[in-house]
Amino acid sequence: MKRSGLILVLALMVLAVFVLPVCAEEAQPFNPSLFPEDPNQRPAKKPVDASGPSSFINNGDGTVTDPKTGLMWCKTDSYQLLKKWLNWTMAQDYIAELNQKRYAGHDDWRLPTREEIQTLYDETKTVQWTYYWNTYDVHIDPIFGETGCCFWTSESLKDDKFAWGFNFIRGK
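Note that the coordinates shown come from a computational prediction; the quantities given were computed from them, not determined experimentally.

### Examining the state of the cysteines
All chains considered together, the criterion is met by one disulfide. Disulfide pairing places cysteine 149 opposite cysteine 150 at an S-S distance of 2.4 Å. In this structure, the disulfide formed by cysteine 149 and cysteine 150 twists by about -80 degrees around the S-S bond and is classed as left-handed.

### Focus: the sheet that holds strand S3 (residues 72-74)
Pairing in this open sheet of three strands is antiparallel, and the strands run S1-S2-S3 from one edge to the other. Strand pairing shows two members of the sheet lacking a second neighbour, strand S1 (57-58) and S3, which therefore form its edges. Summarising the sheet, S1 and strand S2 (residues 63-65) pair through two bridges and their orientation is antiparallel. Bridge pairing in S2 places asparagine 58 opposite valine 64.

### A short note on the pattern of salt bridges
Applying the stated rule across the entire model yields five salt bridges. In this structure, arginine 110 and glutamate 116 form a salt bridge, with 2.8 Å as the shortest nitrogen-oxygen distance. Overall, the relative accessible area of 17% leaves glutamate 116 in the buried class. For aspartate 141, the salt bridge goes to lysine 125, with nearest N and O atoms at 3.7 Å. Taken together, the residues span a long stretch of sequence, with aspartate 141 in the loop between strand S5 (134-138) and strand S6 (150-157) and lysine 125 in the loop between helix H4 (114-118) and strand S4 (127-131) at a distance of 16 residues.

Definitions and cut-offs
Residues numbered from 1 in each chain as written. Predicted model: local features only at pLDDT ≥ 70, side-chain atom pairs only at ≥ 80, totals over all residues. Heavy atoms only, no water. Disulfide = S-S within 2.5 Å. Pairing = 2+ DSSP bridges. Helix = DSSP H or I, 4+ residues; strand = E, 2+ residues; numbered from the N terminus. Salt bridge = Lys/Arg side-chain N within 4 Å of Asp/Glu carboxyl O. Buried < 20%, exposed > 50% of the residue type's maximum accessible area, 1.4 Å probe, protein only.

This is how it looks when you write it as structure tokens:
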């Protein structure tokens, strides 16, 4: 009996959260002057300027090395290559594929720890990232190109049900 009561409460909570409001007035024709920006056009973004000084060494094989940490990083992220988001499990498969193909001559690629990925965050550097109609400043060296904002780490919790990521917009 308790279980069915819980299910009913959860069902009511779902109904209360997902509401699709409808207006009682008759719909008016679309007036584009109410929306000064074209909703189908993304904002213009600055091209990535990687010509300035970088704290990374470009290895010329699709990788860069951080001389402070000694870590070698892929220059392009999975989204730049695959044009799709990866969940944490898919990220593990992506890493396995890099190792199988010996990307840049190496077969020991892995996701970074939280501590390691934080070393890439640099508020003095900016790459613009456009997500739908919004543009954000991603604080990472432009040597990484037109990258996204958020990346998985190797660290998980609760039997791999959750994983830690890092956001280069906020630095957390």
